[in-house]
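One letter stands for each residue in the lines below.
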Amino acid sequence: MRFRHPDGSTVHLAYCTNVHPAETLDGVLAQLRDHCEPVRRRLGRDRLGIGLWLAKDAARALVTDPAALRGLRCELERRGLEVVTLNGFPYEGFGAEEVKYRVYKPDWADPERLEHTAALARVLAGLLPDDVTEGSISTLPLAWRTAYDDERAGTARTALRTLAERLDALEELTGRSIRVALEPEPGCVVETTRDAIAPLTEVGHDRIGICVDTCHLATSFEDPGTALDDLARAGVPVVKSQLSAALHAEQPHLPEVREALAAFAEPRFLHQTRTHTAAGLRGTDDLDEALAGDALPDAGPWRSHFHVPLHAAPAAPLTSTLPVFSSVLTRLVGGPHPLTRHLEVETYTWQALPPELRPRGRAQLADGIAAELTLARDLLTDLGLKELP
């Protein structure tokens, strides 16, 4: 979906396909048929943006076979779909029964992360629509915080500089400008937007910036205005933003709130949980850890890294951080010029929701994704953007 900003620039809105597990190119093609095109039809649009997630094997198939890349591009066009952004965070196995800490491997100190991201950039350059010259790729925020020392940090910075050089060369070759965005996430070396400033300044290249994920930002209790002002002062570009909401519990000391939260503690994904105290941010790596005894102070609200659907907050006594999402979106695109032109709805946890909230079948999932995109579209038009055909 495309929108005209009052300054005349085009803002792209997509939804991320990491909600649909696929490890191979055939799986990706099936996603377009079974999920993406039905969402487009529900929205009544001739064109729908999708943020493709390409696992290792799918990416390699596309980068090594020009015919396969042309075939994917043709299939996108045939189904009324377009791609300007990729989710390069998960490397493989995102549809596994247990993902947890595996999603952070390989990290930016591993040569495979550089090679995978460079491959994604080449693929994206070949998938961009004819009238679009800029693409974006979100990636993990350097590494999970453990086993990350000065040596690995130096290796990671070198890898990002090498990537920037390859992206420069790619633009000279193709005329397509691809930028990569570190996506701050709780528990990682770069947990907050502020954590991103120092490493990105050290890399010192405008092709490497930040992806503002509104769920992650809310989970870490970051103030949206402060976060975006700090990035602007440091000259760190917001390459893209992932639109999502976190799980919020206002009174976690109450037994009924604990019981409601327990329904969201599940074995597949990591749900880092945070609370803000007078002594600073406190947290656990997962929701079940927070619920166990006194692992996390409960005098103030808790927020958990669980991407809940934008349009459907959990029932009381829980809620979501939708107000944070709305505030971030207003700051990103509600001013005289957009701070980023790539927006991506990213609720990948539909099948991890408590059983009574999960979609039953493809049709209900498509309905839910379309409802999220409709909410985002309405917020954008309320901010003065005009939806384009």
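Residues numbered from 1 in each chain as written. Predicted model: local features only at pLDDT ≥ 70, side-chain atom pairs only at ≥ 80, totals over all residues. Heavy atoms only, no water.

### Notes on the pairing of strand β8 (residues 238–243)
Thought 1: Of all six residues that make up β8, six are buried, and the element is covered over most of its length.
Thought 2: Of the strand pairs in this sheet, strand β7 (residues 208–213) and β8 are connected by four bridges, and their pairing is parallel. By the bridge assignment for β8, V212 is matched with S241.
Thought 3: One ladder, built from three bridges, connects β8 with strand β14 (residues 342–345); its direction is parallel. Of the residues in β14, the one forming a bridge with Q242 is E344. (Buried < 20%, exposed > 50% of the residue type's maximum accessible area, 1.4 Å probe, protein only. Helix = DSSP H or I, 4+ residues; strand = E, 2+ residues; numbered from the N terminus. Pairing = 2+ DSSP bridges.)

### Observations concerning the side chain of N18
Thought 1: Note that N18 resides in the loop between β2 (10–16) and α1 (25–43).
Thought 2: The exposure class of N18 is buried, given its relative accessible area of 4%.
Thought 3: Ignoring sequence-local partners within four residues, the contact set of N18 consists of W53, N87, F94, E346 and Y348. (Contact = heavy atoms within 4.5 Å.)

### Describing the environment of H271
Thought 1: Here H271 shows up in the loop between α9 (255–262) and β10 (273–277).
Thought 2: In this structure the C-alpha to C-alpha distance between H271 and L373, which are 102 residues apart in sequence, comes to 24 Å.
Thought 3: Here H271 is in contact with F264, E266, D285, D286, L287, S304, H305 and F306, once residues within four sequence places are set aside.
Thought 4: There is a polar contact of 2.9 Å between the side chain of H271 and the backbone oxygen of H305. (Polar contact = N/O pair within 3.5 Å; in protein donor to acceptor, adjacent residues only side chain to side chain.)

### Quick word on the pattern of salt bridges
Thought 1: Under the criterion given, the structure shown has 34 salt bridges.
Thought 2: Residue E344 pairs with K240 through a salt bridge whose shortest N-O separation is 3.0 Å. Here E344 is found in strand β14, whereas its partner K240 is found in strand β8, with 104 residues between them in sequence. An identical accessibility class is assigned to E344 and K240; each is buried.
Thought 3: Salt bridges here are not isolated pairs; linked through shared partners, they connect E37, R40, R41, E75, R78 and R79. (Salt bridge = Lys/Arg side-chain N within 4 Å of Asp/Glu carboxyl O.)

### Digging into the pairing of strand β11 (residues 280–284)
Thought 1: By the bridge criterion, five bridges tie β10 to β11 in an arrangement that is antiparallel. Looking at the pairing, H276 lines up with L281 of β11.
Thought 2: The hairpin formed by β10 and β11 contains two residues between the paired strands.

### Quick word on unusual backbone geometry
Note on backbone geometry: most residues besides glycine have negative phi, and most peptide bonds are trans.
Thought 1: Here K105 and P106 are connected by a cis peptide whose omega angle stands at -10°.
Thought 2: Geometrically, the link from A316 to P317 is a cis peptide bond, its omega value of 15° lying close to zero.
Thought 3: Tracing the sequence through the fold places P317 in the loop between β12 (302–308) and β13 (318–320).
Thought 4: The backbone phi angle of L142 is positive, close to 75°, even though this residue is not glycine.
Thought 5: If you trace the backbone, L142 turns up in the loop between β5 (134–139) and α5 (150–174).
Thought 6: We note that F221 has phi near 55°; this positive angle belongs to a residue other than glycine.
Thought 7: Mapped onto the fold, F221 is located in the loop between α7 (214–219) and α8 (224–234).

### Notes on the sheet that holds β11
Thought 1: With respect to topology, five strands assemble into an open sheet ordered β11-β10-β12-β9-β13, the strand pairing being antiparallel. Bordering the open sheet on either side are β11 and β13, each of which pairs with just one other strand. Looking at each pair of strands side by side, their axes are set apart by 30° on average, direction ignored.
Thought 2: Relative to β12, strand β9 (residues 245–249) runs antiparallel, the two being bridged by four bridges. Its bridge partner lying in β12, A249 is registered against W302. (Axes fitted to C-alpha atoms, helices over the stretch in contact; angles between N-to-C directions.)

### Let's talk about the packing of helix α6 (residues 193–203) against α8
Thought 1: Contact geometry of α6 with α8 gives a least axis separation of 9 Å together with a crossing angle of 10°. It follows from the interaxial angle that α6 and α8 lie roughly parallel. Contacts from T193, R194 and I197 of α6 reach α8 at T226, A227, D230, L231 and A234.
Thought 2: When its residues are assigned to classes, the contact of α6 with α8 shows four nonpolar, two polar and two charged. (Parallel < 35°, antiparallel > 145°, perpendicular 65-115°, else oblique. Nonpolar A, V, L, I, M, F, W, Y, C, P; charged D, E, K, R; others polar.)

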